[in-house]
Amino acid sequence: MQTNRRSFMQAAAAAAAVLPLAATAQEQPPKLKGRIRQSTTIWPLGKMSTEELCKAAKELGLHGLDLVGDRKMWPVLKEHGLVATMVPGAGGIKDGLNNAAKRDNWLNEFRNNIPAAAEAGWKRVICLSGDREGISDADGMAACVSVLKEAVKIADDHDITICMELLNSKVDHFNYMCDHTAWGVEMCKRVESPRCKLLYDIYHMQIMEGDIIRTIRDNIDYIGHFHTAGNPGRKDLDEDQELYYPPIMRAIAQLSDEGKYTGYVAHEFGPKKGLESLRKAILLCDV
């Protein structure tokens, strides 16, 4: 397995080397297989203007940019034929939907953000559970479900899917509540709507529970989006980390081929070498 993995990484690196780092009007995006619809969060691309971000994304062969909260950026993405693959919905990492005292606040955020996303043509909004902060998992679940049962009505009216993100509570977000797939899936089941799914962050769930491919296959009905990063370190998808992404991507691609997954895979890691790192990740995941 290690030999095969090293060969794959070397092949990806060689392929990346022949692709230019900057696109011109005459150049075309790399011809990817495209079974995995890839995007990237903005922060790995560094301090770039919206125009530069979009040009870089197109040059890399990406479908769009992820977690695009600034609505001023949305028209620029459209001009470049890109999609905002995830935009704000409601709640935050520290203070989120499990805070029952702010139920009306979260619903107001959904009422504002869902129609705005739909008007722009985007299909997915993110929400977060918030930290436990003395809230039991049972009470937090009830609070989240209470908000989401109302929010999915708005989402259904606008053809939008709400995705709650799974984050680790061991390394990066101590005390975050939605930190296991089983908890998130149970929440979705209680909401009883296909408009409520999970943002399955592969990096975070490797830290919390591992068994990535089996978990994805067993719970794909409740997954609406994916994030990638290498573990440990949340850096490149390279040989310095423990996740082997090609079979993970093949599993997702197969589920897509079967019509069980129609979303995106967005890269969310701190690149060691800027666009070069992102390019290698894209090629690695293009199974």
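Refer to the structure presented above.
**Q** Which parts of the structure should I look at to understand the environment of D95?
**A** Tracing the backbone through its elements, the reader meets D95 in the loop between β3 (83–90) and α4 (103–120). Between the C-alpha atoms of D95 and Y176, which are 81 residues apart in sequence, the distance is 9.4 Å. Beyond its immediate chain neighbours, meaning those up to four positions away, D95 contacts K102, W106 and G130. A polar contact of 2.5 Å, which involves the side chain of D95, links it to the side chain of K102.

**Q** Just to check I follow, could you spell out the sheet that holds strand β4 (residues 124–127) for this structure?
**A** Sheet strands line up and pair through hydrogen bonds in the backbone, either parallel or antiparallel. Taken together, the eight strands give a closed barrel; going around it, the order is β1-β2-β3-β4-β5-β6-β7-β8, and neighbouring strands pair in parallel fashion. Taking the axes of each pair of neighbouring strands and ignoring which way they run, one obtains an average angle of 35° across the sheet. Summarising the sheet, strand β1 (residues 38–41) and strand β2 (residues 64–66) pair through three bridges and their orientation is parallel. Counted as the bridge partner of T41 is D66 from β2. Its contacts with the sheet put α4 on β3, β4 and β5 (161–165), and the angle it makes with β3 is roughly 160°. Each of β4, β5 and β6 (196–201) touches helix α5 (residues 137–157); the most contacted strand, β5, lies at about 150° to it.

**Q** What's the story with the nonpolar core in this structure? I'm lost.
**A** What tends to happen in soluble globular proteins is that the nonpolar side chains get buried as a cluster. In this structure, F110, M164 and M187 are the most contacted members of the largest nonpolar core, which totals 82 residues. The element best represented in this core is α5, accounting for nine residues.

**Q** Could you clarify how one ought to interpret the pairing of β5 in this entry?
**A** The two faces of the sheet receive side chains in turn, since in a regular strand these alternate between them. For β5, the tally of buried residues reaches five of five residues, placing the bulk of the element in the interior. Here β5 shows no split at all, with T161, C163 and E165 on one side and I162 and M164 on the other all buried. Relative to β5, β4 is paired through four bridges, and the arrangement is parallel. Bridge assignment links V125 to a residue of β5, and that residue is I162. Considered for its hand, the β-α-β crossover made up of β4, α5 and β5 is right-handed.

What counts as what
- Residues numbered from 1 in each chain as written.
- Predicted model: local features only at pLDDT ≥ 70, side-chain atom pairs only at ≥ 80, totals over all residues.
- Heavy atoms only, no water.
- Helix = DSSP H or I, 4+ residues; strand = E, 2+ residues; numbered from the N terminus.
- Contact = heavy atoms within 4.5 Å.
- Polar contact = N/O pair within 3.5 Å; in protein donor to acceptor, adjacent residues only side chain to side chain.
- Pairing = 2+ DSSP bridges.
- Axes fitted to C-alpha atoms, helices over the stretch in contact; angles between N-to-C directions.
- Core = buried A, V, L, I, M, F, W, Y, C linked by side-chain atoms within 4.5 Å.
- Buried < 20%, exposed > 50% of the residue type's maximum accessible area, 1.4 Å probe, protein only.
- Right-handed = clockwise from strand over helix to strand, strands pointing away.

Nothing here speaks to function; it is geometry throughout.
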